[in-house]
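Summary of the model geometry
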Amino acid sequence: MSQKSTQSSLDNLRNTRIQKLNDLIDNGINPYPYTFDRTACAGELHEKYAELEPGSEDSKVYNVSGRIMAMRNNGMFVDLVDSSGKIQLFIHKDHVNEDKIKLLKLLDVGDILGVYGAVRRTPRGELSIKVSDFKILSKSLLPLPEKWHGLTDTETRYRQRYIDMIMNPEVRETFLKRSKIISETRNYLIQRGFLEVETPMLQPQAGGASARPFVTYHNTLDMQMYLRIAPELYLKRLLVGGLSEKIFEINRNFRNEGISPKHNPEFTMLELYQAYVDYNEMMVLTENLVSAIAQNVLGTMEIEYQGKKINLKPPWQRITMIGAVKKFTNIDFSQFLSAPEAAEEAKKIGVNPQEGDSWGSIIDQVFEIKVEPHLIQPVHIIDYPRDISPLAKPHRDDSRLVERFETRINGWEIANAFSELTDPIDQRRRLENQINSRREGDFETPVEIDEDFLKALEYGMPPAGGLGIGIDRLIMLLTDSASIRDVISFPTLKPRHDNL
RNA sequence: GCGCUAUUAGCUCAGCCGGUAGAGCAAUCCCCUUUUAAGGGAGAGGUCCCGCGUUCGAAUCGCGGAUAGCGCACCA
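Notes on the structure follow. Owing to the predicted nature of the structure, the values given are computational and were not obtained by experimental measurement.

Close contacts around RNA strand B come from 48 residues, with Asn74, Arg124, Glu155, His263 and Arg473 the closest. In RNA strand B, atoms within 4 Å of the protein come from the sugar-phosphate backbone in 61% of cases. Between RNA strand B and Glu126, the relevant distance is 3.3 Å, taken from a base nitrogen to a side-chain nitrogen or oxygen of the residue. A distance of 2.2 Å is found between a sugar or linking oxygen of RNA strand B and a side-chain nitrogen or oxygen belonging to Arg473. Mapped onto the surface near RNA strand B, the elements with two or more residues apiece are helix 1 (9–26), strand 3 (85–90) and helix 4 (154–159). Broken down by element, the surface near RNA strand B gets its largest block of residues, five residues, from helix 1. Of the residues contributing to the surface near RNA strand B, the split by class is 13 nonpolar, 16 polar and 19 charged.

Here it is, written out as structure tokens:
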């Protein structure tokens, strides 16, 4: 077998570039220098010289840097891209030292280049930099995907997000918006007196939600630990502590469950608590927060998601859960108060609850199947059954219900909020009931009570409204992204053991 | 976890009634030189995802596996 045939095509492409790298070094050039004195970016120049006439030029020299994305006419024309946009370079032997012109053939698409030159608009109208000198800032050894079709392979896009970002400007745009959405959220809350806090991700028991946790182990403490499924129980402890009457946390939760276009094992949650208010206040806060983010990041409250127009302008519609179910199924579950009766009614419309499911759980199942798909425009679904909401305060007018709402947009649960349960005796009873009704193979219900959380409540927690917003899904909506993987820079994937 | 679909050159894709692979782009060399997916020419580049099987012969058919996407289940 010849030596050549043992090399892959990629190896050959890479070796060609390594040869160029060595040629640069032989010419006394460091292909990986330390700095470049950048004085302008592409977008800035396009803005500044928008009025420059074709064929004319300015005398001011700028230093611009970025990645080479295309080369035409043997390097005479180069497309240079930085985070602000693209600008064409005009590298002509009349304006550049002869030795430097020779170096042009050692450049490749993908290299990071710094250039010095005046701005000029070509006779054909393309704003360009008439390069007088250039400096290689990083020699690229691996070829980028072709310029026309770009990178479309979903697996490579997610595994090597950096290529995805280089090739697909809309991907950069999405992550830019993600960053803005999160900082707008922070700004909004901080401006209104909320204090940002951090609570444990590594917890001795995973509480505050119903989900299967990731299990890990601490060696020195010699104990099993869990990655948090929610920060709720710790944030409430802080409310007991009185650190601030308004607190929030934006951070990761981890749930050891299925992966789908709407679920990633680690995802970002906003949870906030405000003392002395109830869930009514949380509804107002939710719609004001979400609509303000849309306005500030997108410049509009009217968005379009996968072809569906959604208007985020407050106020948002409110409907009780039982009322919503009645509206779409004609079944009034307030007339069927026992679980067997409710199950009977559910079966009539093709929803089949499991034996032993509670009244509230049956309504929830009917809601999910029969109502949820219709809720495209923002709507607060209020007053949930008590038995599926162990952390919410009983409804002041109806003991079977709690003061809880979930905000639906595009059918998705975007927010979940309650008048928080602050009665330590009731809270203990609810958590005990939950544990007692735990079924075989249920990995989602905690095995034991978080005694310290109950102890904290016994010291006295102020009445409070609490709100959780799934940030990734909100970002999906605001960026028109079909998959949660499109808004998480490195989504969870199985590692590959081949060479990809 | 189950089902469906996909996996061929660095990238984007053809080829799939079984006869041991093709294009465009990129890369290399030559020509041209104010281009915009620049143009013209030449040559090169492949474990057809992996394994086993059927067959005279498998990229193509069968079985098993890997990874991904989508759907279902679980959930936010």
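Another aspect to go through is the pattern of salt bridges. Across all of its chains, the model carries 37 salt bridges by this definition. One salt bridge connects Asp108 with Arg17, and the closest N-O pair in it is separated by 4.0 Å. A residue pair is termed long-range when its members are at least 10 positions apart, and Asp108 in the loop between helix 3 (98–103) and strand 4 (112–121) and Arg17 in helix 1 qualify at 91 residues. There is no split in this pair, since Asp108 and Arg17 are both buried. With a closest N to O distance of 3.8 Å, Arg120 and Glu57 form a salt bridge. Pair noted here: Arg120 is in strand 4 and Glu57 is in strand 1 (residues 57–72), with a separation of 63 residues, a long-range link. Relative accessible area serves as the criterion here: at 39%, Glu57 is assigned to the partly exposed category. It is possible to trace a salt-bridge network through shared partners that takes in Arg17, Lys20, Asp108, Asp111 and Lys139.

Attention shifts here to the sheet that holds strand 2 (residues 77–82). Read around the closed barrel, the five strands follow the order 1-2-3-5-4; overall the barrel is mixed. Averaged over all neighbouring strand pairs, the angle between strand axes comes to 50 degrees, with direction disregarded.

The subject of this paragraph is the packing of helix 6 (residues 169–191) against helix 14 (residues 471–479). Put simply, helix 6 and helix 14 touch, their axes get as near as 10 Å, and they point 125 degrees apart. Comparing the axis directions of helix 6 and helix 14 gives the class oblique. In the crossing of helix 6 with helix 14, the sense of the turn from one axis to the other is right-handed. Facing helix 6, whose interface residues are Thr174, Lys177, Arg178, Ile181 and Ile182, helix 14 presents Ile471, Asp472, Ile475, Leu478 and Thr479.

With that settled, the discussion passes to the packing of helix 10 (residues 339–348) against helix 11 (residues 359–371). A pair of packed helices can be characterised by two numbers: the angle between their axes and the separation between those axes. Relative to each other, helix 10 and helix 11 sit at 15 degrees, their axes nearing to 8 Å. Taken as axis vectors, helix 10 and helix 11 run roughly parallel relative to one another. When you trace helix 10 past helix 11, the crossing you get is left-handed. Across the interface between the two elements, Ala339, Ala342, Ala343 and Ala346 from helix 10 touch Trp359, Ile362 and Val366 from helix 11.

It is worth spelling out the pairing of strand 9 (residues 223–227) at this point. Pairing between strand 7 (residues 202–203) and strand 9: two bridges, direction antiparallel. In the sheet register, Leu202 faces strand 9, and the bridge partner there is Leu227. In terms of strand pairing, strand 8 (residues 215–218) meets strand 9 through four bridges, oriented antiparallel. Note on strand 9: the bridge partner recorded for Val215 is Tyr226. Hairpin remark: strand 8 followed by strand 9, antiparallel, with four residues in the connecting loop; positive phi at Asp222, about 50 degrees.

About the criteria used
- Per chain, the residues get numbers from 1 upward, laid out in the order the sequence is written.
- Here the convention is simple: chains get letters from A, ligands get numbers from 1, in the order in which they are written.
- It should be noted that, the model being predicted, local features are given only for residues of pLDDT at least 70 and side-chain atom pairs only at 80 or more, the latter also being counted only at that level, while totals for whole chains, interfaces and linings use all residues.
- Derived side-chain values reflect all non-hydrogen atoms in the structure, with water molecules and hydrogen atoms excluded from consideration.
- In this text, near means that some heavy atom of the residue lies within 4 Å of the molecule or strand in question.
- Within 3.5 Å is the distance limit for a polar contact, defined as a pair of N or O atoms, with the added protein rule that one can donate a hydrogen and the other accept it, and that residues adjacent in sequence qualify only through two side-chain atoms.
- The helix count covers DSSP runs of H or I at least four residues long, the strand count covers runs of E at least two residues long, and both are numbered beginning at the N terminus.
- Put simply, Ala, Val, Leu, Ile, Met, Phe, Trp, Tyr, Cys and Pro go in the nonpolar bin, Asp, Glu, Lys and Arg in the charged bin, and everything else, Gly too, in the polar bin.
- By definition, a salt bridge exists where a carboxyl oxygen of Asp or Glu is found within 4 Å of a side-chain nitrogen of Lys or Arg.
- Note on exposure labels: buried denotes an accessible area under 20% of the residue type's maximum, exposed denotes more than 50%, and partly exposed covers the range between, all computed with a 1.4 Å probe on protein chains only.
- Think of it this way: DSSP has to see at least two bridges between two strands before they count as a pair.
- Note on method: axes are straight lines fitted to C-alpha atoms, helices fitted across the in-contact stretch only, with angles between N-to-C directions ranging 0 to 180 degrees.
- Working definition: roughly parallel below 35 degrees, roughly antiparallel above 145 degrees, roughly perpendicular at 65 to 115 degrees, and oblique for all remaining angles.
- By the definition used in this description, the sense in which the near helix is turned from the far one sets the handedness, with an anticlockwise turn below a right angle giving left-handed and a clockwise turn giving right-handed.
- Every residue pair with non-hydrogen atoms within 4.5 Å of one another is taken to be in contact.

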